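Each chain, written out:
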Amino acid sequence: MARIAIIGAGAIGGVIAALLQQAGRHELILCVRRPLAGLTVETPDGEVHVEAAIATDPASVSAVDWVIVATKAYDAAGAAKWFDRLRAAGNPGTTGAPVAVLQNGVEHRERFAPYVPLDSILPVVVNCPAERQMPELVRQRGPMHLTAPDNDLGRSFAALFAGTPADATVVPDFTSVAWRKLCHNAAGVLSSLLLQPAGVMRNEAVGETALQIVRECAAVGRAEGAHLDSDVAEAVLRTYRAAPVDGVNSLHADRAAGRPMEIDARNGVIVRLGKKHGIPTPCNQMAVALLEAMAG
Ligand SMILES: NC(=O)c1ccc[n+]([C@@H]2O[C@H](COP(=O)([O-])OP(=O)(O)OC[C@H]3O[C@@H](n4cnc5c(N)ncnc54)[C@H](OP(=O)(O)O)[C@@H]3O)[C@@H](O)[C@H]2O)c1
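Residues numbered from 1 in each chain as written. Predicted model: local features only at pLDDT ≥ 70, side-chain atom pairs only at ≥ 80, totals over all residues. Heavy atoms only, no water.

K.L.:
Hey, could you run me through the sheet that holds strand S1 (residues 3-7) in this one?
P.N.:
Strands belonging to one sheet form pairs held by backbone hydrogen bonds; the direction of such a pair is parallel or antiparallel. Here we have 8 strands laid out as an open sheet, ordered S5-S2-S1-S6-S7-S8-S11-S12, and mixed in their pairing. The open sheet terminates on both sides in strands that have one partner only, identified here as strand S5 (53-55) and strand S12 (167-171). Mean inter-strand twist for the sheet, computed between neighbouring axes without regard to direction, equals 25°. With 3 bridges connecting them, strand S6 (residues 66-69) and strand S7 (residues 99-102) associate as parallel partners. Paired with Val67 across the bridge in S7 is Val99. Strands in contact with helix H1 (residues 11-23) are S1, strand S2 (27-31), S6, S7, strand S8 (121-127) and strand S11 (145-149); relative to S1, the strand with the most contacts, it is inclined by about 165°. (Pairing = 2+ DSSP bridges. Helix = DSSP H or I, 4+ residues; strand = E, 2+ residues; numbered from the N terminus. Axes fitted to C-alpha atoms, helices over the stretch in contact; angles between N-to-C directions. Contact = heavy atoms within 4.5 Å.)

K.L.:
Help me out: how do you make sense of the packing of aromatic side chains in this one?
P.N.:
What describes a pair of aromatic rings is the distance from one ring centre to the other and the angle between the planes of the rings. Under the criterion given, the structure shown has 4 aromatic pairs. Members of the aromatic cluster, joined through ring pairs, are Trp66, Phe157 and Phe161. (Phe/Tyr/Trp six-rings, centres within 6.5 Å; stacked < 30°, edge-to-face > 60°.)

K.L.:
How should the pattern of salt bridges be read in this particular structure?
P.N.:
Pairing is possible between side chains of opposite charge, provided their charged atoms come close. Under the counting rule described, the total for this entry stands at 12 salt bridges. Across the salt bridge formed by Arg215 and Glu234, the nearest N and O atoms sit 2.7 Å from each other. Pair noted here: Arg215 is in helix H8 (residues 204-223) and Glu234 is in helix H9 (residues 232-242), with a separation of 19 residues, a long-range link. Here Arg215 falls in the partly exposed class, since its relative accessible area comes to 35%. A salt bridge links Asp254 to Arg259; the nearest nitrogen and oxygen atoms lie 2.7 Å apart. Residues joined in a network through salt bridges with shared partners are Lys72, Asp254 and Arg259. (Salt bridge = Lys/Arg side-chain N within 4 Å of Asp/Glu carboxyl O. Buried < 20%, exposed > 50% of the residue type's maximum accessible area, 1.4 Å probe, protein only.)

This is the structure in structure tokens:
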């Protein structure tokens, strides 16, 4: 049994809460910034009504065994406001609760390093299609896959999900997993720029641009230590072209709704780390500049 705080009860936070509840042995606290009367998750196996304590004030919570961050990447500073009390050390000699960061991108540790010691941060790659329909209703449209590094924290995190429908695994080469996911997400910027769903990738010129965006991402990823197949760009494009034509990625959905976007975590990072390694990233640079300018 573990006492687990989930910061952010949106799509991923909601699905994680529903999964952990199905383990039947954890105490859950949802840390939210707007009051929430309850939370229902429509999972592929049926509806789950989450039974969790709901906290809206970082000053009202107490120490837990695990903190799970499920906010968007750009909300790191807000999420960190919960850490002081959630991570308060329990018994003398113990350290504060570890923080699992369930966000897109490759900078999970860097994002939270100003707030938590590095050895207490667990980066987790999330693969699960889900969206928040309303503040109190989340729809999970497919299985949840969670991938963490193979170390003590990663194994202890994966064990939280034992007996649930989630596929929570650890891998020795987490860097490659994270960059492979970023390769896929990086190309999604085109839908956001064009405000057109995944079917736009079937256009020849758009597909060619997607290949360039992913090749830049892969070059930077390899410089960062990721092992990526030489045809990773072609594989990403094939996946987009095989997906339903009306699929809307979150960068596209966020821009269409006038919400902030994870542009820095998904494409800006490629430009920044490309500069560090002396690798040109003109396609990503242009995509970031245009999207940021359009978002005002
Ligand atoms: N959705 C997917 O299918 C999917 C798949 C894979 C990976 N991801 C990644 O998972 C991460 C989470 O995405 P998501 O889709 O779950 O986003 P989301 O639906 O927008 O949920 C984020 C939640 O965080 C909350 N939040 C923000 N700041 C907070 C704070 N200071 N305290 C408490 N709660 C706070 C937001 O609250 P408000 O309600 O007040 O806005 C919102 O409920 C992102 O990095 C995303 O890229 C998502």
